[in-house]
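The lines below spell out each chain.
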Amino acid sequence: MAMFCHPLHGVVCRPWSNSKPLRYELELAESSNFVPQGPVIWEGRQDEKRFHTSLKLHKNNNEYSLAINCQGSGVFKLNNNKFEISWHSEGTPASHYFQSMGLALWLELQGVMCLHGNALTKNNRTVVLLAPSGTGKSTLSSWLMQQGYHLMSDDMVALHNNEEGNGYQLFPSWPVMRLWPDSINTMLNTSDEHERVHANFDKKVISVKPSNENFNSKLLTDIIILNRQDTLKTNNNNKIDVRPLSGSSAVMALLKNTILGEVYRPLNIEIERLAGLAQVTQKVKISELTYPSGIQGLQAITN
C-alpha cells in the first residue's frame with residue numbers, strides 16, 4: 001500500500017497518507033473475502049489483444065461495490081467517504097486499478113468528471129491528451145517530457161471545478177508512468193529492467209521524479225484528442241493536422257474517452273455529467289490532432 005501515501009487527483013487517502021488535505025479526504029481500509037451485496041446495476045468489459053477486463057457494479061442502498069476481474073481481481077466497496085478494498089494477493093495489485101477505475105467511480109459520484117488521458121504541464125500551459133488504450137498517449141507524453149513538459153497524471157485525469165468557476169483544476173496522480181519497452185529504451189534512455197503492469201502485459205511501470213512544477217495543482221488550458229492514422233491505410237504518410245472542436249463534436253469526443261464506459265446512467269448522473277461535459281467545451285480549448293503511426297512522426301507532433 002506504499003503508493004497510497006501519495007495524494008492522488010486531489011484525494012488524500014487516510015490513514016496511509018499524512019499529507020495536508022486537498023480537495024477530498026478518503027478513508028481507506030483493507031478487508032478479506034468481501035462479497036458484493038445488492039443487485040448488479042452495470043456490467044462492463046474491455047477486450048484488448050493483451051488482456052481482458054470484466055467489471056460488475058453492485059448497489060446496496062447507499063453502498064456501491066465494483067468487482068474487477070483482470071490480471072488482478074477483487075472488490076472496491078464505496079460508501080460516502082469510506083473506501084474498502086478486498087483484493088486477491090495473486091496478480092496485479094489493487095493500487096493499479098484504484099488509481100484509475102476505483103477512484104474514478106468515487107470521484108464521479110462526488111461530481112468530479114474523470115477522463116481517460118494523460119496530463120502534462122509546462123510553464124502556464126497544462127495539456128490533457130485523450131485517446132483509447134494503445135493509441136500513443138504515453139509514448140507522446142514521453143516525447144513531451146523530453147521537451148520540458150512535466151507529467152501530472154498517466155491514464156486518468158480528474159477535472160475539478162476551480163474556485164472561480166471559470167475552468168478546471170488538475171491535481172497530480174501518483175509519480176509513476178506506464179510505457180512500452182521500446183519507448184523506455186529509445187526515449188527515456190533507461191534500461192528495460194522495470195516491473196510489468198500485468199503479468200502478461202509488456203508495458204512497464206517506471207518512476208517519475210516529482211518536481212515543484214507537477215506537484216501542485218494546475219489550471220487546465222488545452223484538451224487534445226489524439227487521432228492516430230495507420231500509415232498503411234493512408235495516402236499521405238506524413239500528414240499532421242490539428243483542427244478545433246466545439247459544440248456537439250467536442251462533447252462526443254469527450255464522451256468516447258471516459259474511464260468507465262456507460263456506468264453513468266445506472267448511477268443516475270448521466271444528465272448532470274452530459275451538462276458538465278458541455279461546460280468543458282465552453283471553458284477549455286479542445287482540438288483534434290490527426291497524425292501518422294510510427295516513431296518517426298513524434299518529433300513533428302511534439303513541435
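Reading the values: rules and limits
Residues numbered from 1 in each chain as written. Predicted model: local features only at pLDDT ≥ 70, side-chain atom pairs only at ≥ 80, totals over all residues. Heavy atoms only, no water. Phe/Tyr/Trp six-rings, centres within 6.5 Å; stacked < 30°, edge-to-face > 60°. Helix = DSSP H or I, 4+ residues; strand = E, 2+ residues; numbered from the N terminus. Buried < 20%, exposed > 50% of the residue type's maximum accessible area, 1.4 Å probe, protein only. Lys NZ or Arg CZ within 6 Å of the ring centre and 35° of its normal. Expected span 1.5 Å × (residues − 1). Arc of directions from axis to C-beta. Polar contact = N/O pair within 3.5 Å; in protein donor to acceptor, adjacent residues only side chain to side chain. Contact = heavy atoms within 4.5 Å.

**Thoughts on the packing of aromatic side chains**
- Evaluation of the coordinates by the stated rule reveals ten aromatic pairs.
- Between phenylalanine 4 and tryptophan 16 the ring centres are 6.1 Å apart and the planes differ by 45°, which places this aromatic pair in the tilted class. Placement of the pair is phenylalanine 4 in the segment before β1 (11–14) and tryptophan 16 in the loop between β1 and β2 (24–31), with a sequence separation of twelve residues.
- The class of phenylalanine 4 is buried, set by a relative accessible area of 1%.
- Between tyrosine 24 and tryptophan 106, the aromatic rings sit 5.5 Å apart at their centres with planes inclined by 85°, giving edge-to-face as the arrangement. Taken together, the residues tyrosine 24 in strand β2 and tryptophan 106 in helix α1 (residues 94–109) connect sequence positions 82 residues apart.
- An aromatic cluster is present here, built from Phe4, Trp16, Phe76, Phe83, Trp87, Tyr97, Phe98 and Trp174 joined pairwise through their rings.
- One residue, arginine 273, lies across the ring of tyrosine 264, its end atom 4.0 Å from the ring centre.

**Some remarks on helix α6 (residues 270–283)**
- An ideal rise of 1.5 Å per residue puts 20 Å on 14 residues; α6 measures up with 20 Å between its terminal C-alpha atoms.
- Buried within α6 we find Arg273, Gly276, Leu277, Val280 and Thr281. All buried residues of α6 fall inside an arc of 145° around its axis, so they share one side. The exposed set on the far side of α6, more than 90 degrees from its buried face, consists of Ile271, Glu272 and Gln282.

**As for the side chain of threonine 258**
- Residue placement: threonine 258 occurs in the loop between α5 (247–255) and α6.
- A polar contact is formed between the side chain of threonine 258 and the backbone nitrogen of glycine 261, at a distance of 3.4 Å.
- Aside from chain neighbours lying at most four places away, what touches threonine 258 is Cys114, His116, Tyr264 and Arg273.

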